[in-house]
Amino acid sequence: MTERSEVTIERSVSTTGSRRFRRSALVGAVVATALGGGAILAACGTGGQGGAGDAGPAKLSVADSYIPLPPAGGMGAGYLTVRNDGGPDQLVKVTSPAADSVTMHRSTASTMEQVSSLDVPAHGALQLARGGTHLMIMGWQKAPALGDELELDLTFAKSGTISVKVPVKELTYRPGQS
């Protein structure tokens, strides 16, 4: 075999190997893209086809509601827990026929700020509690007394409005403690 023939054979083998490598790399990239896309779809849900991210509509209930007896003519605070056995929602408004204003607030160690909405997580709970997120009730129609119940209308972004009767308790009341 001549030197020229040997070079041609080497180039031919080299080109064939290079093509196989490129083809294998391309097939590998396509498979990796398909698998990665499938993993992303699984993580994000399948758009209403029963995937992991499809929690359905919110299923809300309210528990542990109370209002500590406010000072005569003063503002009151409201606390409660919104439990959710379904998909996510948001508490967007609170009103009462027996008060001029009910606003939602978030407290930190040094501040209290009014908020326009509060998240109700899927299969979780929104807790309004002392020292954290709570309601401020102002402009009572009648001064509250121990044992009274104040109607609160909780409006949610997806679930509509739920009305609850919230009892007025002694100032030191804590749910779950005797």
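Let us look at the structure shown here. (Residues numbered from 1 in each chain as written. Predicted model: local features only at pLDDT ≥ 70, side-chain atom pairs only at ≥ 80, totals over all residues. Heavy atoms only, no water.)

Things to note about the pairing of strand β5 (residues 112–115)
Note: strand β4 (residues 99–107) against β5, four bridges, orientation antiparallel. Bridge pairing links Met104 to Val115 in β5. In this antiparallel pair of consecutive strands, β4 and β5, the connection spans four residues. (Pairing = 2+ DSSP bridges. Helix = DSSP H or I, 4+ residues; strand = E, 2+ residues; numbered from the N terminus.)

Examining the side chain of Thr81
With respect to the helices and strands, the residue Thr81 is situated in strand β2 (residues 76–84). Assessed through its relative accessible area of 7%, Thr81 is described here as buried. Once residues within four sequence positions are removed from consideration, Thr81 is found in contact with Ser61, Val62, Ala63, Asp64, Ala125, Leu126 and Gln127. (Buried < 20%, exposed > 50% of the residue type's maximum accessible area, 1.4 Å probe, protein only. Contact = heavy atoms within 4.5 Å.)

Topic: the pattern of salt bridges
A side chain with one charge may pair with a side chain of the opposite charge, provided their charged atoms come close. Inspection of the entire model under this criterion finds four salt bridges. The salt bridge involving Arg83 is made with Asp64; its shortest N-O contact spans 3.7 Å. Highlighted residues: Arg83 in strand β2 and Asp64 in strand β1 (residues 60–68), separated in sequence by 19 residues. Its relative accessible area of 40% is what places Arg83 among the partly exposed residues. Note that Glu151 and Lys165 form a salt bridge whose closest N and O atoms lie 3.8 Å from each other. Here Glu151, found in strand β9 (residues 149–156), pairs with Lys165, found in strand β10 (residues 160–169); they are 14 residues apart in sequence, far enough to count as distant. (Salt bridge = Lys/Arg side-chain N within 4 Å of Asp/Glu carboxyl O.)

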